[in-house]
Amino acid sequence: MEGWDPNTKSTLTQIPLLTTKAGPRDGSTWTQRLKEEYRALIAYTQMNKSNDNDWFRISAANPEGTRWTGKCWYVHNLLKYEFDLQFDIPVTYPATAPELELPELDGKTQKMYRGGKICLTVHFKPLWAKNCPRFGIAHALCLGLAPWLAAEIPILVDSGMIKHKDDAASSNVS
């Protein structure tokens, strides 16, 4: 964590680390892992809310906890830009990090793969590998999605690649 800004360090140290090394094919140990994932997500969400930094909502989209959906948002120039968020838990999880997807931004930036999967290979994947199995979904959001949104959304807005929903609605009326 050397070289990280104090805010990121503080946030990361408050997200509980996970202990169960299990993936979707591991039966009851996967259920234990999911409980740990939920505990970490709840802690991260509560911390964000208490710091007035609430920026996502996700939940498991299936009972097995292998498909997740929700919303994430980023505030730029006092305007809130909201996006659908989805991802699948890989079969090789937790050795392999989930690929976070923002489908509506597909093709709008070079830092994204087909289907709206955000690029996390250079900065996040080595960090995930080093911290496996202690990192989970909350860590992927904190260290993967949050910095990606902070880096990419202002550029996409300023270049006109994405428009605020109020701007889009007013241009449709004219």
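Keep in mind that what you see is a predicted model, and the values were worked out from it rather than measured.

Trainee: How would you summarise the pattern of salt bridges if you had to cite specific residues and measurements?
Mentor: Overall, the coordinates contain seven salt bridges when judged by the stated rule. We note a salt bridge from Asp54 to Arg57, for which the minimum N-O separation is 2.7 Å. Judged by relative accessible area, which is 25%, Asp54 ranks as partly exposed. Its salt-bridge partner being Glu152, residue Lys111 comes within 3.3 Å of it at the nearest N-O pair. Taken together, the positions of Lys111 in the loop between strand 3 (79-88) and strand 4 (112-113) and Glu152 in helix 4 (residues 137-158) put the pair 41 residues apart, joining distant regions of the chain.

Trainee: How would you summarise the sheet that holds strand 3 if you had to cite specific residues and measurements?
Mentor: What links the strands of a sheet is backbone hydrogen bonding, and the strands pair in either a parallel or an antiparallel sense. Taken together, three strands build an open sheet; the order of strands is 1-2-3 and the sheet is antiparallel. On the outer flanks of this sheet lie strand 1 (56-60) and strand 3, each paired with one strand and no other. Pairs of neighbouring strands in the sheet enclose a mean axial angle of 10°, with direction left out of account. Of the strands in this sheet, strand 1 and strand 2 (67-76) touch helix 2 (residues 28-50), which is tilted by about 165° from strand 1. Packed onto the sheet, helix 4 meets strand 1, strand 2 and strand 3 and runs at close to 45° relative to strand 2.

Trainee: Can you tell me about the UniProt feature "active site" (unreviewed entry) in the protein, naming the residues and giving the values?
Mentor: Under the UniProt annotation, "active site" (unreviewed entry) lies at Cys119. You can see Cys119 is positioned in the loop between strand 5 (117-118) and helix 3 (124-130). If we ignore the near neighbours within four places in the chain, the residues touching Cys119 are Lys111, Met112, Tyr113 and Trp148.

Calculation notes
Residues numbered from 1 in each chain as written. Predicted model: local features only at pLDDT ≥ 70, side-chain atom pairs only at ≥ 80, totals over all residues. Heavy atoms only, no water. Salt bridge = Lys/Arg side-chain N within 4 Å of Asp/Glu carboxyl O. Buried < 20%, exposed > 50% of the residue type's maximum accessible area, 1.4 Å probe, protein only. Helix = DSSP H or I, 4+ residues; strand = E, 2+ residues; numbered from the N terminus. Pairing = 2+ DSSP bridges. Axes fitted to C-alpha atoms, helices over the stretch in contact; angles between N-to-C directions. Contact = heavy atoms within 4.5 Å. UniProt positions renumbered as here; feature names shortened; annotations may be inferred.

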